[in-house]
Amino acid sequence: MCRGRGSGTSGGPGRGGRSMAITQKEILHGSWILVKGAIRFAFMVINNLVAIPSYVLYFLALQPLKLFDQKLFWRVEGIMFKWLLAMVSSWGWTAGYTVVEWGDDVKALTEDETVVLVNHQATGDVCTLMMCLQDKGTVVCHMMWLMEYIFKFTNFGVVSLIHGDFFIKQGKAHRDKQLILLRQHLEKYYRSRGRKWIVLFPEGGFLRKRRETSQLFAKKNNLPYLKHVTLPRQGATEVILQTLSAQHENGAIGNANSAVAKHKGLQWVIDITIAYHKAKPIDIQTWIIGWRAPTVTHVHYRVYPIKEVPIESEALTSWLYQRFVEKEELLAHFYETGAFPPTKGQAMATSRPMILDSFWLFLIQIMGFLSGYMWYTVLHYLYHFLRLLEF
């Protein structure tokens, strides 16, 4: 009887102690995530309040250069744009959200005019691209993005507007007008600002929002049933190809100043497939707060020469559907095996880690804060100078 009580007494508190220890550990872990997230969020807010106004003020201060050398002006603006995107990349890099790359090596194509097609799962897709293209030469300086219209009203919207990105409204009611505006935008800004890569998400929205509608459309029209991607829309891709391809220009393009310059036109289409660990996409909130454990995002590249890409509407739609069926197969293989399959001619698929220089990212952040301090000082003295003039 005493032995029974002794066992019960020693066993009960022991189990309770272990349970309490686990609970305390969980509380501490959760508290650390909250504190870390609050610090990261505060830093991001300060980062934006310093870096974005500095970019805008540099842009305004450099306007005289634009009058004398427009090409140099946009080259400088592109460098500032890359630095801003590097700051965004650093948020994910410091949280341990890294990238491993598969497929074709695209570094040799960074100075060529290229259309980039990407599957779209979450807001983190854009951040992932910002990160994995940082080590691809000057490509980030010369990029043009096509993104959802709502992003125009985010904190980064003013930067994208200045840089010359295009914000597209979704929906049938806006489609025809948006495609006309896109063509005009490309004719006015793409080559006059020295753009090279143009990035778009042909699915027209996030996977979770479009999957059911896409599957119903596929069933109705006897098209492939897709789970990991949705059927793409060809409208924006068609406008880009028709506007920028050399065969439609006879080798000559008019720039924003109506001067005539010779261009090779588009040379490549790069099909990028983004795969997340356990098919769980990273959103911008996670990228900023860093609440998720460090994880690796996998990015697969496949390159197509522009001569292999049809421009006619029906043929292009079929070609795009084939690409997204391939994406479906790539992602299904990845989620089953943890790796992408080998490309044509490879016996075994090989991956390569994308490495960012942490010291360089640190210098970019320091430069951003120093710029903010400089502009604060300049505006402070300007304000007092104008007050003196009033008297």
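Quick note: structure is the one above.
Fair warning: this is a prediction, and the values are worked out from it, not measured in the lab.

Caption draft 1: Examining the overall build of the protein more closely. Each helix and strand in the protein was counted, giving 11 helices and 10 strands. Counting the 391 residues in the protein, one finds 45% classified as buried. A separation threshold of at least 6 residues defines the contact pool for the protein, and within that pool the share at least 24 residues apart is 78%. Summed over its atoms, the accessible surface of the protein is roughly 21,000 Å², and 63% of this surface lies on carbon and sulfur atoms.

Caption draft 2: View of the environment of R352. With respect to the element layout, R352 can be found in strand 10 (residues 351–354). On the basis of relative accessibility, which here comes to 25%, the residue R352 falls in the partly exposed class. R352 sits 54 residues away from H298 along the chain, and the two C-alpha atoms are 9.9 Å apart. Every residue in contact with R352, bar those within four places of it in the chain, is listed here: V100, E101, W102, G103, D104, D105 and Y301. A polar side-chain atom of R352 sits 2.9 Å from the main-chain carbonyl oxygen of D104.

Caption draft 3: Spatial organisation of the side chain of H163. Mapped onto the secondary structure, H163 falls in helix 5 (residues 157–163). For H163, a relative accessible area of 0% gives the class buried.

Caption draft 4: Structural detail: helix 6 (residues 172–190). Helix length check: helix 6 (19 residues) gives 26 Å between terminal C-alpha atoms against 27 Å at 1.5 Å per residue, within 8%. Taken as a whole, helix 6 carries its principal kink of about 30 degrees at Q178. Buried residues of helix 6: Q178, L179, L182, H185, L186 and Y190, and no others. Close packing links the buried residues of helix 6 with strand 2 (114–118), strand 3 (144–148), strand 4 (166–168), strand 5 (197–200) and helix 8 (235–244).

Caption draft 5: Up close: the pairing of strand 9 (residues 295–305). Of all 11 residues making up strand 9, eight are buried, and the element is well covered by its neighbours. The pairing of strand 1 (residues 97–103) with strand 9 spans seven bridges and is parallel. In the sheet register, Y97 faces strand 9, and the bridge partner there is T295. The sheet contact formed by strand 8 (residues 268–275) and strand 9 spans eight bridges and is antiparallel. If you follow A275 over to strand 9, its bridge partner there is H298.

Caption draft 6: Spotlight on the packing of aromatic side chains. Applying the stated criterion across every chain, the model contains 12 aromatic pairs. Considering the side-chain rings of F81 and F156, the 6.4 Å spacing of their centres and the 55 degrees angle between planes classify their relative orientation as tilted. Of this pair, F81 sits in helix 3 (residues 70–94) while F156 sits in the loop between strand 3 and helix 5, placing them 75 residues apart in sequence. Of the two residues examined, F81 and F156, each falls in the buried class. Here the aromatic cluster, defined as three or more aromatic residues joined through ring pairs, consists of W102, F334, Y335 and F340. When the ring centre of W319 is taken as origin, the NZ or CZ atom of R323, which lies over that ring, is 4.7 Å away. Between K327 and the ring centre of F324, over which it is positioned, the NZ or CZ distance is 5.4 Å.

Caption draft 7: Structural view of the pairing of strand 8. The buried count for strand 8 comes to seven of eight residues, which makes it a mostly enclosed element. Pairing of strand 2 with strand 8 involves five bridges; the strand directions are parallel. The residue bridging T114 from the neighbouring strand is W268, located in strand 8.

Caption draft 8: Spatial organisation of the sheet that holds strand 4. Spatial strand order, 4-3-5-2-8-9-1-10: eight strands in an open sheet with mixed pairing. Of all strands in the sheet, those bounded by a partner on one side alone are strand 4 and strand 10. Each strand of the sheet is rotated relative to its neighbour by a mean of 25 degrees, with strand direction disregarded. Examined bridge by bridge, strand 3 and strand 5 share two bridges and lie parallel to one another. Paired with M144 across the strands is I198, a residue of strand 5. Packing against the sheet, helix 3 makes contact with strand 1, strand 3 and strand 10, and its axis sits at approximately 110 degrees to strand 1. Strands strand 2, strand 3 and strand 5 of the sheet are contacted by helix 8, whose axis makes an angle of about 165 degrees with strand 5.

Caption draft 9: Examining the packing of helix 3 against helix 4 (residues 124–132) more closely. Relative orientation of the contacting elements helix 3 and helix 4 amounts to 105 degrees, with a least axis distance of 8 Å. One finds that helix 3 runs roughly perpendicular with respect to helix 4. Note on element contacts: helix 4 touches helix 3 through C127, M130 and M131, opposite L85, V88, S89, G92 and W93. When the residues that make up the contact of helix 3 with helix 4 are grouped by side-chain class, the tally is six nonpolar, two polar and no charged.

Cut-offs applied
Along every chain, residues carry numbers that run from 1 in the direction the sequence is written. Per-residue local features are limited, in this predicted model, to residues with pLDDT of at least 70; the limit for side-chain atom pairs, both in listing and counting, is 80 or more; totals at the level of whole chains, interfaces and linings are taken over all residues. Processing note: side-chain calculations cover all non-hydrogen atoms of the structure and skip hydrogens and water entirely. Each helix is a run of H or I in the DSSP string that is no shorter than four residues. Each strand is a run of E no shorter than two, and both are numbered from the N terminus. In this scheme, a residue with accessible area under 20% of its type's maximum is buried, one over 50% is exposed, and one in between is partly exposed, where area comes from a 1.4 Å probe on protein chains only. Any pair of residues with heavy atoms lying within 4.5 Å of one another is described as a contacting pair. We get accessible surface area from the Shrake-Rupley algorithm with a probe of 1.4 Å; when it comes to residues, only the shown protein chains can shield them. In the analysis that follows, any N or O atom pair within 3.5 Å is treated as a polar contact, provided that within protein one partner can donate a hydrogen and the other can accept it, and provided that, for residues neighboring in sequence, both atoms belong to side chains. Working rule for helices: expected span equals 1.5 Å times residues minus one. Two axes define the bend at a residue: one fitted to the seven residues ending there, one fitted to the seven starting there, and the bend is the angle between them. At least two bridges found by DSSP between two strands are what make those strands a pair. Each aromatic pair joins two rings of Phe, Tyr and Trp (for Trp, the six-membered one) with centres within 6.5 Å, and gets the label stacked for planes under 30 degrees apart, edge-to-face for over 60, and tilted for any other angle. When the NZ atom of lysine or the CZ atom of arginine is within 6 Å of a ring's centre and also within 35 degrees of its normal, the charge is said to sit over that ring. Lines fitted to the C-alpha atoms define the axes, with helices restricted to the stretch that makes contact. Angles between their N-to-C directions range from 0 to 180 degrees. An angle below 35 degrees is treated as roughly parallel, one above 145 as roughly antiparallel, one from 65 to 115 as roughly perpendicular, and anything else as oblique. Here the nonpolar group is Ala, Val, Leu, Ile, Met, Phe, Trp, Tyr, Cys and Pro; Asp, Glu, Lys and Arg are the charged ones; every other residue, Gly included, is treated as polar.

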